[in-house]
Amino acid sequence: GNSVTQMEGPVTLSEEAFLTINCTYTATGYPSLFWYVQYPGEGLQLLLKATKADDKGSNKGFEATYRKETTSFHLEKGSVQVSDSAVYFCALIHNQGGKLIFGQGTELSVKP
Amino acid sequence: DTAVSQTPKYLVTQMGNDKSIKCEQNLGHDTMYWYKQDSKKFLKIMFSYNNKELIINETVPNRFSPKSPDKAHLNLHINSLELGDSAVYFCASSQDDRGAQYFGPGTRLLVL
């Protein structure tokens, strides 16, 4: 079946460090891929998306490229801020009536 | 204006009670969803509706009954609440079943 695997957290970084959160997926065909962010006590916010191979999604300094050959959609940011501290979820949708399948989430903590 | 809203934000109740959570979206989307987030922050779809019609029912106990009076509203009624129902419930909406989903702020349900 379809699934998403993210790197284990928590990830702790210093401000201005480079961030990578790994995400790989299992699905037949071409799913749409998403990153969502959940700040403490809040709902999920769409961070970025990509709908076909080699698409790059970007928003607020975050980027992720849809890599079909490695079935990956890793999230990157060049310089993190304390305000980026949150839980990040990788997810896919694939021909199942809108069923978003989430990874387990990766908690990011950025220290000043 | 809030795009996807849910009420109540917090719900504390006793085992065996019946409760409802309401969701409204003002995005003009055709599809709405309910997700459950457990204590480990794992997210799983429960239901989806497209234009008031049930599309996904993800093996949820029949104590949970969604109702969509119109395409802007999707309510969740839970009968005979159990301890294991304690979780955060998120409503979401999207334009179609492949598009990005936009989430409400969540309802934190605690069953005592």
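The following paragraphs examine the structure supplied in this document.

**Let's talk about the sheet that holds strand S3 (residues 19-25) of chain B**
Residue and element names in this part refer to chain B. Strand order in the open sheet formed by 4 strands is S1-S3-S8-S7, with antiparallel pairing between adjacent strands. Whereas interior strands pair on both sides, the edge strands pair on one side only; in this sheet they are strand S1 (4-7) and strand S7 (64-70). The sheet shows a mean angle of 20° between the axes of neighbouring strands, direction not considered. Where S3 and strand S8 (residues 73-78) come together, 4 bridges link them in antiparallel fashion. Directly across from Ser20, in S8, lies its bridge partner His77.

**Some details on the state of the cysteines**
Residues and elements named next belong to chain A. Counted by the stated rule, this structure contains 2 disulfides over all chains. Through a disulfide, Cys23 is tied to Cys90; the S-S separation comes to 1.9 Å. Measuring the twist about the S-S bond at about -70°, one finds the Cys23-Cys90 disulfide to be left-handed. With Cys23 in strand S4 (residues 23-26) and Cys90 in strand S10 (residues 86-93), the pair connects residues that are 67 residues apart, well separated along the chain. Grouping residues by exposure puts Cys23 and Cys90 together as buried.

**Examining the sheet that holds strand S7 (residues 56-59) of chain A**
All names here are of chain A. What the 4 strands build is an open sheet, ordered S3-S9-S8-S7; its pairing is antiparallel. Strands with a single pairing partner mark the edges of an open sheet, and in this sheet they are strand S3 (19-21) and S7. Across the sheet, the mean angle separating the axes of adjacent strands is 15° when strand polarity is ignored. Here S7 runs beside strand S8 (residues 62-65); their pairing, made up of 4 bridges, is antiparallel. Each residue of the ladder has a partner; that of Asn59, found in S8, is Phe62.

**Remarks on the environment of A:Val87**
Considering the arrangement of structural elements, one finds A:Val87 in strand S10. A:Val87 sits 28 residues away from A:Asn59 along the chain, and the two C-alpha atoms are 16 Å apart. The residues contacting A:Val87, other than those within four sequence positions of it, are A:Tyr36, A:Val37, A:Gln38, A:Gly105, A:Thr106, A:Glu107 and B:Lys41.

**Examining the layout of surface pockets**
Estimates place the volume of the largest pocket at around 220 Å³. A:Gln38, B:Gln37, B:Asp38, B:Lys41 and B:Val88 are, among the 18 residues lining the largest pocket, the residues nearest its centre. For the lining of the largest pocket, the elements supplying multiple residues, two or more each, are S10 of chain A together with strand S9 (87-94) and strand S11 (107-111) of chain B. The biggest single contributor to the lining of the largest pocket is S9(B), with 3 residues. The class makeup of the residues in the lining of the largest pocket is 8 nonpolar, 5 polar and 5 charged. If you add up the space inside the second largest pocket, you get close to 150 Å³. Taken together, B:Lys36, B:Lys44, B:Ile45, B:Met46, B:Glu58, B:Thr59, B:Val60, B:Pro61, B:Phe64 and B:Asp85 make up the lining of the second largest pocket. Ranked by residue count, the leading element in the lining of the second largest pocket is strand S5 (residues 43-50) of chain B, at 3 residues. In the lining of the second largest pocket, the residues fall into 5 nonpolar, 1 polar and 4 charged.

Basis of the calculations
- Residues numbered from 1 in each chain as written.
- Chains lettered and ligands numbered in written order.
- Predicted model: local features only at pLDDT ≥ 70, side-chain atom pairs only at ≥ 80, totals over all residues.
- Heavy atoms only, no water.
- Pairing = 2+ DSSP bridges.
- Helix = DSSP H or I, 4+ residues; strand = E, 2+ residues; numbered from the N terminus.
- Axes fitted to C-alpha atoms, helices over the stretch in contact; angles between N-to-C directions.
- Disulfide = S-S within 2.5 Å.
- Buried < 20%, exposed > 50% of the residue type's maximum accessible area, 1.4 Å probe, protein only.
- Contact = heavy atoms within 4.5 Å.
- 1 Å grid on protein atoms, 1.4 Å probe; cavity = no way out; pocket = protein on both sides within 12 Å on 5 of 7 lines; lining within 4 Å.
- Points joined across faces, edges and corners; volume = space filled by probe spheres on them.
- Nonpolar A, V, L, I, M, F, W, Y, C, P; charged D, E, K, R; others polar.

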